[in-house]
Every structure is written in structure tokens, then in C-alpha cells.
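Here is how the chains run, residue by residue.
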Amino acid sequence: GAGVSQSPRYKVAKRGQDVALRCDPISGHVSLFWYQQALGQGPEFLTYFQNEAQLDKSGLPSDRFFAERPEGSVSTLKIQRTQQEDSAVYLCASSGGGEAFFGQGTRLTVV
Amino acid sequence: QQQVKQSPQSLIVQKGGISIINCAYENTAFDYFPWYQQFPGKGPALLIAIRPDVSEKKEGRFTISFNKSAKQFSLHIMDSQPGDSATYFCAASKGGKSTFGDGTTLTVKP
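Heads up: these notes are all about the structure in this document. Bear in mind the structure is a predicted one, so any value in this text is a computation, not a measurement.

## Observations concerning the side chain of serine 75 of chain A
Residue and element names in this part refer to chain A.
Stage number 1. Looking at the secondary structure, you find serine 75 in strand 8 (residues 75-79).
Stage number 2. For serine 75, a relative accessible area of 0% corresponds to the buried category.
Stage number 3. Within the structure, serine 75 has its side chain in polar contact with the side chain of tryptophan 34 (distance 2.9 Å).
Stage number 4. Of the polar contacts made by the side chain of serine 75, one reaches the backbone oxygen of glutamate 68; its length is 2.9 Å.
Stage number 5. Those residues in contact with serine 75 that sit more than four places away from it in its chain are Leu21, Arg22, Cys23, Leu32, Trp34, Phe49, Glu68 and Arg69.

What follows is the structure, encoded as C-alpha cells:
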């Protein structure tokens, strides 16, 4: 595709519900990153994949957060038992070794 | 521990003026310093970036000044235009993983 595509663009979840956020990176990009952006703040690193290998998950805030990229392309960020503090924009970025390109993000609101 | 500190939080500049945003970092392992521009409802987009072996980089109206000893870097936007109104983030990166500042909301008045 022309850019990084994320879906859904908006998600409203009831507290305690599980959610799955999808990222389609730019074709051929080896590196994929997930960031969490709270309102009025800069993005914060969650996790990093190189192909299908999750090389860094140091930013995942709790064991309720899980990310996968089984075939080295599409990635899914899953949040179990959502809490209000999980409300944020979740950004995905991909890189072919140089510049990182960001998607438009998924805005998650937990009510 | 905030590893990248950005200032000011907001900035208002007249059209044609110079916008200056400053950042400071702590970890000397960072080896790549990008600036991103973000419009509402969009993801960050790379504006300009610098590596620590260079003290200045200019691309069009955008210039990064980098002071390695002080662990500080800044973005200068010359001849600021209303279309430059956006939120700007500095970042410090290592191995592709970026640590972002909290952002500066720039408003350029016509």
C-alpha cells in the first residue's frame, strides 16, 4: 500500500472488554513499531518487531497488552480487560531501515 | 524519568517570523534525532533529522541545530507560514526506537 494503514480508526470499548488493533505496514518494511499517545503528550514506545520477531517489548505497560506479527507483515496489538487508563491513540510505524512512517493511529476510548 | 524534554509547550508566531523549539536529552547512547510534525487526527510525519556527528542541518525553511556537549538540539522554522500550524515533536532514537518530547503546539498567525 501507499502508507501505513491502521484499523479501526476509532474504537469504543467498555471497561473489561478485549480489543484488537490492526496495523498494515508499508510493503517490504522489516521494522514495525507500536506507540501509545495520550492526549496532549508525545508518543510512547510500546514494542518493536523485526520481521516476525518481537525484539523489544519493554514499553508494554502490563501483561494485558500483547502484540504479534506472525508472518512478518501485518501486526495486531491486543489489549485484554481494557481499563480507562488505556484510552489513547495507538500508533503504528514501519521502517525499511531509514525513516519511520507512521499510520494515522487508532483512537481507543474505554468507557 | 523524562529522557527528552521539549520547550515551549506552545508557541505563537506571526507569519514570516522565526519559530524556535528546543529539546534536551539525557542518554548519550541516542544516535539519531528526528523532528516530527503532527496535524490533528494524523500520525506524526518526519520533518527533518540529524545525527550527532553534525552540528547543523538545513532543509528548505527548516534547520536543526545540534549541540552534542550540551545534549541539546533545536528546530528553527524560517519564514513561518499559517500552514506550519501544527504540533511538533522532537525525538531521540537508538536502534529505530524513539523517545519523544511532549510536543510544541505552533500557531502561525496570518
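On we go.
## Notes on the sheet that holds strand 1 (residues 4-7) of chain B
All names here are of chain B.
Stage number 1. Read from one edge of the open sheet, five strands run 1-3-8-7-6, paired in antiparallel fashion. Each end of this open sheet is capped by a strand with a single partner; those strands are strand 1 and strand 6 (56-59). Across the sheet, the mean angle separating the axes of adjacent strands is 15° when strand polarity is ignored.
Stage number 2. By the bridge criterion, four bridges tie strand 6 to strand 7 (residues 62-67) in an arrangement that is antiparallel.

## A look at the pattern of salt bridges
Stage number 1. Counting across every chain of the model gives seven salt bridges over all chains.
Stage number 2. When the shortest N-O distance is used, the salt bridge between aspartate 24 of chain A and arginine 22 of chain A registers 2.7 Å.
Stage number 3. In this structure aspartate 24 of chain A comes out as partly exposed when scored by relative accessible area, which is 24%.
Stage number 4. A residue is classified by how much of its surface remains accessible, and arginine 22 of chain A, at 38% relative accessible area, is partly exposed.
Stage number 5. Between aspartate 84 of chain B and arginine 61 of chain B there is a salt bridge, and its shortest N-O distance comes to 2.8 Å. Of this pair, aspartate 84 of chain B sits in the loop between strand 8 (72-77) and strand 9 (86-94) while arginine 61 of chain B is found in the loop between strand 6 and strand 7, placing the two residues 23 residues apart along the sequence.

## Brief notes about the packing of aromatic side chains
Stage number 1. With the rule as written, the count across this model stands at 18 aromatic pairs over all chains.
Stage number 2. Ring pairing ties together the aromatic residues Phe33, Tyr35, Phe45, Tyr48 and Phe102 of chain A together with Tyr36, Phe89 and Phe100 of chain B, which thus form one cluster.

## Regarding the sheet that holds strand 8 of chain A
Residues and elements named next belong to chain A.
Stage number 1. Reading across from one edge, 1-3-8-7 is the order of the four strands in this open sheet, with antiparallel pairing throughout. The open sheet is flanked by strand 1 (5-7) and strand 7 (65-68), the only strands paired with a single partner. Strand-to-strand twist across the sheet, computed as the mean angle between neighbouring axes with direction ignored, equals 15°.
Stage number 2. Across five bridges, strand 3 (residues 19-24) lies against strand 8 in antiparallel orientation. What sits directly across from valine 19, in strand 8, is isoleucine 79.

## Overview of the state of the cysteines
Stage number 1. By the definition in use, this model includes two disulfides over all chains.
Stage number 2. At a sulfur-sulfur separation of 1.9 Å, the disulfide partner of cysteine 23 of chain A is cysteine 92 of chain A. Residues cysteine 23 of chain A and cysteine 92 of chain A are joined by a disulfide whose S-S torsion is about -65°; by sign, that bridge is left-handed. Here cysteine 92 of chain A lies in strand 9 (residues 88-95) and cysteine 23 of chain A lies in strand 3, a separation of 69 residues in the sequence. Each member of the pair, cysteine 23 of chain A as well as cysteine 92 of chain A, carries the same accessibility label: buried.
Stage number 3. One disulfide bridge connects cysteine 23 of chain B with cysteine 90 of chain B, the sulfur atoms lying 1.8 Å from each other. The chirality of the disulfide connecting cysteine 23 of chain B with cysteine 90 of chain B is left-handed, given an S-S dihedral of about -90°. With cysteine 23 of chain B in strand 3 (residues 19-25) and cysteine 90 of chain B in strand 9, this residue pair connects regions lying 67 residues apart in the sequence.

What counts, and where the lines are drawn
Residues numbered from 1 in each chain as written. Chains lettered and ligands numbered in written order. Predicted model: local features only at pLDDT ≥ 70, side-chain atom pairs only at ≥ 80, totals over all residues. Heavy atoms only, no water. Helix = DSSP H or I, 4+ residues; strand = E, 2+ residues; numbered from the N terminus. Buried < 20%, exposed > 50% of the residue type's maximum accessible area, 1.4 Å probe, protein only. Polar contact = N/O pair within 3.5 Å; in protein donor to acceptor, adjacent residues only side chain to side chain. Contact = heavy atoms within 4.5 Å. Pairing = 2+ DSSP bridges. Axes fitted to C-alpha atoms, helices over the stretch in contact; angles between N-to-C directions. Salt bridge = Lys/Arg side-chain N within 4 Å of Asp/Glu carboxyl O. Phe/Tyr/Trp six-rings, centres within 6.5 Å; stacked < 30°, edge-to-face > 60°. Disulfide = S-S within 2.5 Å.

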